[in-house]
Amino acid sequence: MSSDKVPQRRAARKNVDERRAMIVQAALPLLVEIGPSVTTLQIARAAGISEPTIFRAFEDKHEVLAACLADATDPRHAVQELAAIDPSLPLRDRLVALIETLRAQGERIGAVVNAVSLASATRPRRAESLSDEERDRLSDARTASYTRLHAAVVEVLRAGADTLRTSPENAATLVLAIVMALGRGGGWDAGPAGVGTDGLADLLLHGLAA
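Computed from a predicted structure; not experimentally measured.

Brief notes about the overall build of the protein chain
Looking only at helices and strands, one finds 9 helices and 0 strands in the protein chain. N-terminal to C-terminal, the α/β element order of the protein chain is α-α-α-α-α-α-α-α-α. Across the 210 residues that make up the protein chain, the buried fraction comes to 30%. A total accessible area of about 13200 Å² is found for the protein chain, and carbon and sulfur atoms account for 55% of it.

Let's talk about the pattern of salt bridges
Any two side chains of opposite charge can pair if their charged atoms end up close together. Inspection of the entire model under this criterion finds 10 salt bridges. The partner of aspartate 74 in a salt bridge is arginine 76, and the shortest N-O contact between them spans 3.0 Å. Assessed through its relative accessible area of 21%, aspartate 74 is described here as partly exposed.

Details of the nonpolar core
Counting 23 residues, the largest nonpolar core has Leu82, Leu95, Leu98, Leu102, Val153 and Leu157 as its most contacted members. Listing elements by their share of this core, those giving two or more residues are α5 (76–83), α6 (91–119), α7 (132–158), α8 (168–185) and α9 (197–206). The contacts of leucine 98, once residues within four sequence positions are left out, are Leu82, Ile85, Val153, Val156, Leu157 and Val175. Ranked by size, the runner-up nonpolar core spans 21 residues in total, among them Ile54, Cys68, Val112 and Ala115.

Re the layout of surface pockets
As a volume, the second largest pocket reaches approximately 430 Å³. Surrounding the second largest pocket, 17 residues form its lining, Leu164, Arg165, Leu174, Leu204 and Leu205 being those nearest its centre.

Remarks on the environment of glutamate 81
The topology assignment puts glutamate 81 in helix α5. For the pair glutamate 81 and threonine 101, spaced 20 residues apart in the sequence, the C-alpha separation amounts to 6.9 Å. Filtering out sequence-adjacent residues up to four positions away, glutamate 81 remains in contact with Thr101 and Arg108.

Definitions and cut-offs
- Residues numbered from 1 in each chain as written.
- Predicted model: local features only at pLDDT ≥ 70, side-chain atom pairs only at ≥ 80, totals over all residues.
- Heavy atoms only, no water.
- Helix = DSSP H or I, 4+ residues; strand = E, 2+ residues; numbered from the N terminus.
- Buried < 20%, exposed > 50% of the residue type's maximum accessible area, 1.4 Å probe, protein only.
- Areas by Shrake-Rupley, 256 points an atom, 1.4 Å probe, with all protein chains shown as cover.
- Salt bridge = Lys/Arg side-chain N within 4 Å of Asp/Glu carboxyl O.
- Core = buried A, V, L, I, M, F, W, Y, C linked by side-chain atoms within 4.5 Å.
- Contact = heavy atoms within 4.5 Å.
- 1 Å grid on protein atoms, 1.4 Å probe; cavity = no way out; pocket = protein on both sides within 12 Å on 5 of 7 lines; lining within 4 Å.
- Points joined across faces, edges and corners; volume = space filled by probe spheres on them.

Now the structure itself:
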């Protein structure tokens, strides 16, 4: 007896891109929590898959870490969170939410970059070994990332822009420069002089004058 039924792949089977994304999302918090010593077995357990499944999506652990780095530095996460800030909130409340978002994004990126750098120490690649084309591509990617983030910050500050001493665009540049500098220099938690989110919001709103 013939059958017209056509064999189908399991509905739960994910394509490679979906599997890679799932693995990266499972690996990111482990990288932040454990650091470079995180194993592919730990990542597999967090993702709810077997360890060999990882190597059907990635060549090795270093490729997993590279994908984690690309995802962590993608500004889309922060852009989405910034877009969710209620424009009807008072300026100070929006500024606090804005700073908290940028600070959290910076801390996530810093933790992942540090973990990936340490894990890749056995396979270092000096920046000067990059080709001109690769350096240009990296520079373009950083510029595009900053442009997207800057535009999102501008939108947060646009409501009630008439109360600002400068344009939302200039204000966004200032906020990003200060928050990024604090993140790089460890100024958020540097002893008694550490700057908190509320303190920075007040400083941006009122300046240094008493």
